[in-house]
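Chains, contacts and geometry: an overview
Each chain, written out:
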Amino acid sequence: LVALPLGALAVRTTGIYFIMVTFAFAQMGFHVFNDARWAGGSDGMLLFAKPVVAAFGTVWLDLSRGYSFYYVALACLVLAYLLLRVLVRSPFGRVMRGIRVNEARMQALGYATYGYKLVAFVIAGTLAGVAGFLHTAHAEFVNPALLHWHLSGLVLMMVILGGRGTLHGPVAGAFIMVLLQEYLSGLTKHWMLPMGLFVVAVVLFLPRGIAGLAEGRRGNGG
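Throughout what follows, the structure given in this document is the object of discussion.

Rules used in this analysis
- Residues numbered from 1 in each chain as written.
- Predicted model: local features only at pLDDT ≥ 70, side-chain atom pairs only at ≥ 80, totals over all residues.
- Heavy atoms only, no water.
- Pairing = 2+ DSSP bridges.
- Helix = DSSP H or I, 4+ residues; strand = E, 2+ residues; numbered from the N terminus.
- Phe/Tyr/Trp six-rings, centres within 6.5 Å; stacked < 30°, edge-to-face > 60°.
- Buried < 20%, exposed > 50% of the residue type's maximum accessible area, 1.4 Å probe, protein only.
- Axes fitted to C-alpha atoms, helices over the stretch in contact; angles between N-to-C directions.
- Parallel < 35°, antiparallel > 145°, perpendicular 65-115°, else oblique.
- Left-handed = near helix turned anticlockwise from the far one by under 90°.
- Contact = heavy atoms within 4.5 Å.
- Patch = residues over 30% accessible without salt bridge, like charges linked within 9 Å, V, L, I, M, F, W, Y side chains within 5 Å.
- Areas by Shrake-Rupley, 256 points an atom, 1.4 Å probe, with all protein chains shown as cover.
- Salt bridge = Lys/Arg side-chain N within 4 Å of Asp/Glu carboxyl O.
- Nonpolar A, V, L, I, M, F, W, Y, C, P; charged D, E, K, R; others polar.
- Core = buried A, V, L, I, M, F, W, Y, C linked by side-chain atoms within 4.5 Å.

**Topic: the pairing of strand β3 (residues 58-62)**
Bridge count for strand β2 (residues 52-55) against β3 is four bridges, and the pairing is antiparallel. Its bridge partner being in β3, Ala-55 is matched across the sheet by Thr-58.

**Describing the packing of aromatic side chains**
Under the definition given, this model contains four aromatic pairs. Both rings, one in Phe-18 and one in Phe-121, keep their centres 6.1 Å apart while their planes meet at 90°; by these two values the pair is edge-to-face. Taken as a pair, Phe-18 in helix α2 (residues 15-34) and Phe-121 in helix α6 (residues 113-139) lie far apart in primary sequence, 103 residues in all. By relative accessible area, which is 26% here, Phe-18 ends up partly exposed. Between Tyr-111 and Tyr-116, the ring centres sit 6.1 Å apart and the planes meet at 75°, which makes this aromatic pair edge-to-face. By relative accessible area, Tyr-111 is classed as partly exposed at 34%. Here a set of aromatic residues connected by ring pairs shows up, and it is made of Phe-92, Tyr-111 and Tyr-116.

**Section: the packing of helix α7 (residues 149-162) against helix α8 (residues 168-187)**
With their axes 7 Å apart at the nearest point, α7 and α8 run at an angle of 115° to one another. On the basis of the axis angle, α7 is roughly perpendicular to α8. Seen from above, α7 lies across α8 with right-handed handedness. On α8, the residues that touch Leu-154, Met-157, Met-158, Val-159, Leu-161 and Gly-162 of α7 are Gly-169, Pro-170, Gly-173, Ala-174, Met-177 and Val-178.

**What about a nonpolar patch on the surface?**
Together, Tyr-67, Tyr-70, Tyr-71, Leu-74, Leu-77, Val-78, Leu-79, Leu-82, Phe-175 and Leu-179 give the surface a local cluster of nonpolar side chains, amounting to about 1,100 Å² of exposed area. Those elements giving two or more residues to the nonpolar patch turn out to be α3 (68-89) and α8. Its location among the elements puts Leu-179 in helix α8. Leu-179 gets classed as exposed once you look at its relative accessible area, which sits at 58%.

**Focus: the packing of α3 against helix α4 (residues 91-101)**
Where α3 meets α4, the closest approach of the two axes is 4 Å, and the angle between their N-to-C directions is 75°. One way to sum up the angle between α3 and α4 is to call them roughly perpendicular. In this structure, α3 uses Leu-87, Val-88 and Arg-89 to contact α4, whose residues at the interface are Pro-91, Phe-92, Gly-93, Arg-94 and Arg-97. Broken down by class, the residue content of the contact of α3 with α4 amounts to four nonpolar, one polar and three charged.

**Focus on the nonpolar core**
Core analysis: the largest hydrophobic core is formed by seven residues, namely Met-158, Leu-161, Met-177, Leu-184, Met-195, Val-199 and Val-202. Looking at this core, the elements that each hand over two or more residues are α7, α8 and α9 (192-205). The contact partners of Met-177, leaving out residues within four places of it in the chain, are Leu-154, Met-157, Met-158, Leu-161, Met-195 and Val-199. In this structure, Leu-63, Phe-69, Val-72 and Leu-134 belong to the second largest nonpolar core, which totals five residues.

And the structure:
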């Protein structure tokens, strides 16, 4: 619901302007919730229990039990991947690939590219909402910092590390980023410096990310 009106404005732009507009909306949300007393302001809000699914006096799912949260998060990842894989291979996905390559040509062929981009934006917003729910349920805490631009930058770095234009690349990039952050933060308090150098090296020497490196090896093997 939030992505629909924001996307209606954002998808009218392209390139760096699109990125700046989405960052601007996130910053607006950050300042709104940062000053909202009903949302806890800058301190955020605590959740004192993980979500529970219950009906007719029976608890069907309790995310605080054992490995239940892990399996729920894993199921969401798999379902999101399969959904996007189906979309990419569908006629809708073919149109989106055409828009990415040459939007003007797709418009000349009669496609209303604005509507397609808006639908893609809403789908992305929906998946981001699911990720936000899982993060909040896991941490049992939410604050306005989640809307700050640095989190959007972190997600972009995950995509760059894994490889743009692929589905498995961003997944690999997320794993690499989180594991590397955990490892480096245990070695030094200045862990952001080697992390930044690593990202710069990937951009310079692996412009297609980790996924591009794997595809190149498969191509050489073939």
